[in-house]
Amino acid sequence: MNLHELTAHQIIKDKVNPRELRKALEERISAVDKRVKAVLRLCPDKGEVGKGVLSGVPIAIKDNICIKDHLTTCASHILDGFKPPYDATVITKLRNAGANLLCSTNMDEFAFGSSTENSFYGPTHNPWDLERVPGGSSGGSAAAVASDQATMALGSDTGGSIRQPASFCGVVGLKPTYGRVSRYGLIAFGSSLDQIGPLTKDVEDSALLLNVIAGYDPNDSTSVDTPVPDYTKSLIKDVKGLKIGIPKEYFIEGIDKEVKDAVWAAINLLKKLGADYKEISLPHTEYAVPTYYIVATSEASSNLARFDGVQYGLRSKAAKKEISDLIDMYFASREAGFGKEAKRRIMLGTYALSSGYYEAYYLRALKVRTLIKRDFDEAFKSVDCIITPTSPTGAFKIGEKTEDPLSMYLSDIFTISTNLAGIPGISIPCGFMKNNLPVGLQILAKPFAEEALFKVAYTYEQNTEWHKQKPKL
Ligand code: GLN
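Please read these numbers as outputs of a predicted model, since none were measured by experiment. (Residues numbered from 1 in each chain as written. Predicted model: local features only at pLDDT ≥ 70, side-chain atom pairs only at ≥ 80, totals over all residues. Heavy atoms only, no water.)

Draft legend 1. The overall build of the chain, seen in detail. A tally of helices and strands in the chain yields 14 helices and eleven strands. Scaling as 2.2 N^0.38, a compact globule of 473 residues should have a C-alpha radius of gyration of about 23 Å, and the chain matches this with 21 Å. Across its three principal directions, the C-alpha atoms of the chain cover 75 × 55 × 45 Å. Once local pairs closer than 6 in sequence are excluded, the contacts in the chain between residues at least 24 apart make up 75%. Of the roughly 18,500 Å² that the chain leaves accessible, carbon and sulfur atoms contribute 53%. (Helix = DSSP H or I, 4+ residues; strand = E, 2+ residues; numbered from the N terminus. Rg over C-alpha atoms; globule rule 2.2 N^0.38 Å. Contact = heavy atoms within 4.5 Å. Areas by Shrake-Rupley, 256 points an atom, 1.4 Å probe, with all protein chains shown as cover.)

Below is the structure:
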């Protein structure tokens, strides 16, 4: 096997030479990224090899996670030239584990999107079909792992941004429980929804990486002080007696038949392996998309207020005569710096929070959010996990949805409730469509029950071959 194809656990087991590994990955990037465009920039190769559980493992980082003294832009023009003065907590943890920071990856600007087309740097292409999107917003991270340009990667997930691109690119993507992983140094989109998580070639690597990044952090007041188990201990092939819930609201019209068939085949395989399933109901599912787009845009519009041309990144170079005071400078910088989708979100969020509308939109959305959370609480009284498709379709064509934001928003229909409820979710490969595009299976569990996810995902993976398929590039 080529060095760039190895998983982290193979690298660790075989004690692969870190210098050769880094070289192999850089060569792979030079060879294929002209076509995939997943990598925004390489991290400097420090030459030294850190000790730890991920010693020498090359890892790609989504461009919204701060790396000290390294350009970090959220794929936005407004963060031009921004080099954070500190490392995000996950980066510190990776360094302490000896990982090799390889590169920054492309994303939708500020993580707004489901296709990685909303990037200031241009779209990333799906390694399985270069005319299609890799999903988003962590499309660069998913495509980099799928095309063997990185051994593993970090993404962020506010409404599906790790799981949906994982599903489109045929890799494993995990959104941990809200509070499991520190958000310190993650440039905020929707602070009550955002979580950082792993994108990997298989389930074992996902557990290895979560082991490293999880845990309480005094720098993030929403991180939870509960012990981090050794997630690799959950890599057990056993689902006997496991109770799976199949939410009827997730198998609706509009879902691609090939996706539905692949997901049902997976459920039946788990049943054959000893699990049991039953239909459940998550009755408020139909409100998830509108609720999310009020909560997420409200938080985004507040979080983005800090980008005003004063402290970070771009300051408009409009002619002096056009800018007569500070307010003009704010306007001109924000006008020049933000892309179309970012502006749309700022307007939607500002509207939902404005006086007179706040109660009608924002406060009401918070109440519905509670109902959605209660649906899951109720369901988990009688099942151990919930299984759904990750996305209603496979990867769509580049440009197909860019003029229709609503249809783009609907591609997150199966992933956003998870974020509203704060629960963990994983997407694993579960088949291919006739046109050779990967299909993803989503597994959900109770808060802090990532171990249950790993157990089910690992059992399924070890009984199938989907995760071993590679795109031809
Ligand atoms: N696609 C969703 C959105 O556009 C989710 C993005 C994300 O999880 N960052 O908001």
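Draft legend 2. Spotlight on helix α7 (residues 257-272). Taking 1.5 Å of rise per residue, 16 residues should cover 22 Å, and α7 covers 22 Å from first to last C-alpha, within 8% of that figure. Looking only at α7, the buried set comprises V259, A262, V263, A266, I267, L269 and L270. Summarising the axial view, the buried residues of α7 lie within an arc of 160°, below the 170-degree limit, and thus occupy one face. Residues of α7 that are exposed and point more than 90 degrees away from the buried face comprise K257 and K272. Where α7 is buried, its residues touch β7 (243-247), β8 (276-280), β9 (385-389), β10 (425-432), β11 (438-444) and α14 (450-462). Where α7 starts, the residue carrying a side-chain oxygen 2.8 Å from the main-chain nitrogen of E258 turns out to be D256. Looking one or two residues past α7, G274 carries a phi angle of roughly 115°, positive in sign. (Expected span 1.5 Å × (residues − 1). Buried < 20%, exposed > 50% of the residue type's maximum accessible area, 1.4 Å probe, protein only. Arc of directions from axis to C-beta. Polar contact = N/O pair within 3.5 Å; in protein donor to acceptor, adjacent residues only side chain to side chain.)

Draft legend 3. Broad picture of unusual backbone geometry. The peptide bond linking G136 to S137 adopts the cis configuration, its omega dihedral lying at 10°. One can find S137 in the loop between β3 (100-105) and α4 (139-146). Of note in the backbone geometry, F110 takes a positive phi value of approximately 55° without being a glycine. Its place among the elements puts F110 in the loop between β3 and α4.

Draft legend 4. Main features of the packing of aromatic side chains. Scanning all chains against the criterion turns up 22 aromatic pairs. For the ring pair F110 and F112, a centre distance of 6.2 Å and an interplane angle of 35° mean the geometry is tilted. Both residues of the pair, F110 and F112, belong to the buried class. Here Y250 and F414 contribute two aromatic rings whose centre-to-centre distance is 5.2 Å and whose plane-to-plane angle is 25°, an arrangement assigned as stacked. Here Y250, found in the loop between β7 and α7, pairs with F414, found in the loop between α12 (405-410) and α13 (416-421); they are 164 residues apart in sequence, far enough to count as distant. Its end group placed over the ring of F396, K401 keeps NZ or CZ at 5.0 Å from the ring centre. (Phe/Tyr/Trp six-rings, centres within 6.5 Å; stacked < 30°, edge-to-face > 60°. Lys NZ or Arg CZ within 6 Å of the ring centre and 35° of its normal.)

Draft legend 5. Quick look at empty space enclosed by the protein. For the structure on display, the rule yields three cavities of 30 Å³ or more. Put simply, the largest cavity is a space of about 60 Å³. Every residue along the wall of the largest cavity is listed here: A111, G113, T158, G159, G160, S161, F189, Y292, Y293, R345 and D412. By volume, the second largest cavity is sized at about 40 Å³. In terms of lining, the second largest cavity is formed by S167, V259, S391, T393, G394, M433, P438, V439 and G440. In terms of residue count, the dominant contributor to the lining of the second largest cavity is β11 (three residues). A class-by-class count of the residues in the lining of the second largest cavity yields four nonpolar, five polar and no charged. (1 Å grid on protein atoms, 1.4 Å probe; cavity = no way out; pocket = protein on both sides within 12 Å on 5 of 7 lines; lining within 4 Å. Points joined across faces, edges and corners; volume = space filled by probe spheres on them. Nonpolar A, V, L, I, M, F, W, Y, C, P; charged D, E, K, R; others polar.)

Draft legend 6. Seen up close, the sheet that holds β10. Spatially, the eleven strands line up as an open sheet ordered β1-β3-β2-β4-β6-β5-β10-β11-β9-β7-β8, and their pairing is mixed. With one partner strand each, in any of the chains shown, β1 (39-42) and β8 form the two edges of the open sheet. Across the sheet, the mean angle from the axis of one strand to that of its neighbour is 30°, orientation sign disregarded. Against the sheet, helix α2 (residues 18-36) touches β1, β2 (58-62) and β3, its axis set at about 15° to β3. Contacting β5 (172-175), β9, β10 and β11, α14 runs over the sheet at an angle of about 15° to β10. (Pairing = 2+ DSSP bridges. Axes fitted to C-alpha atoms, helices over the stretch in contact; angles between N-to-C directions.)

Draft legend 7. Molecular detail of a nonpolar patch on the surface. A cluster of nonpolar residues, Y351, Y357 and Y361, forms a patch on the protein surface that exposes about 290 Å² of accessible area. Structurally, Y351 can be placed in helix α10 (residues 340-353). Overall, the relative accessible area of 42% leaves Y351 in the partly exposed class. (Patch = residues over 30% accessible without salt bridge, like charges linked within 9 Å, V, L, I, M, F, W, Y side chains within 5 Å. Salt bridge = Lys/Arg side-chain N within 4 Å of Asp/Glu carboxyl O.)

Draft legend 8. Region of interest: the pairing of β3. Taken across its six residues, β3 has six buried, putting it largely inside the fold. In this structure, β1 lies alongside β3, joined through three bridges in antiparallel fashion. In the strand pairing of β3, V39 is matched with T105. Bridging between β2 and β3 involves five bridges; their strand directions are parallel. Looking at β3, one finds that P58 is bridged to N100. With helix α3 (residues 89-96) bridging β2 and its parallel neighbour β3, the resulting β-α-β unit is right-handed. (Right-handed = clockwise from strand over helix to strand, strands pointing away.)

Draft legend 9. Local environment of the nonpolar core. Counting 140 residues, the largest nonpolar core has L94, F110, L154, F376 and I443 as the members making the most contacts within it. Counting residues per element, this core draws most heavily on helix α8 (residues 288-303), at eight residues. (Core = buried A, V, L, I, M, F, W, Y, C linked by side-chain atoms within 4.5 Å.)

Draft legend 10. Quick peek at the site of the ligand. Taken together, 15 residues are adjacent to the ligand, and T158, G159, S161, Y292 and R345 come closest. Its residues assigned to classes, the shell around the ligand shows five nonpolar, seven polar and three charged. (Near = heavy atom within 4 Å.)

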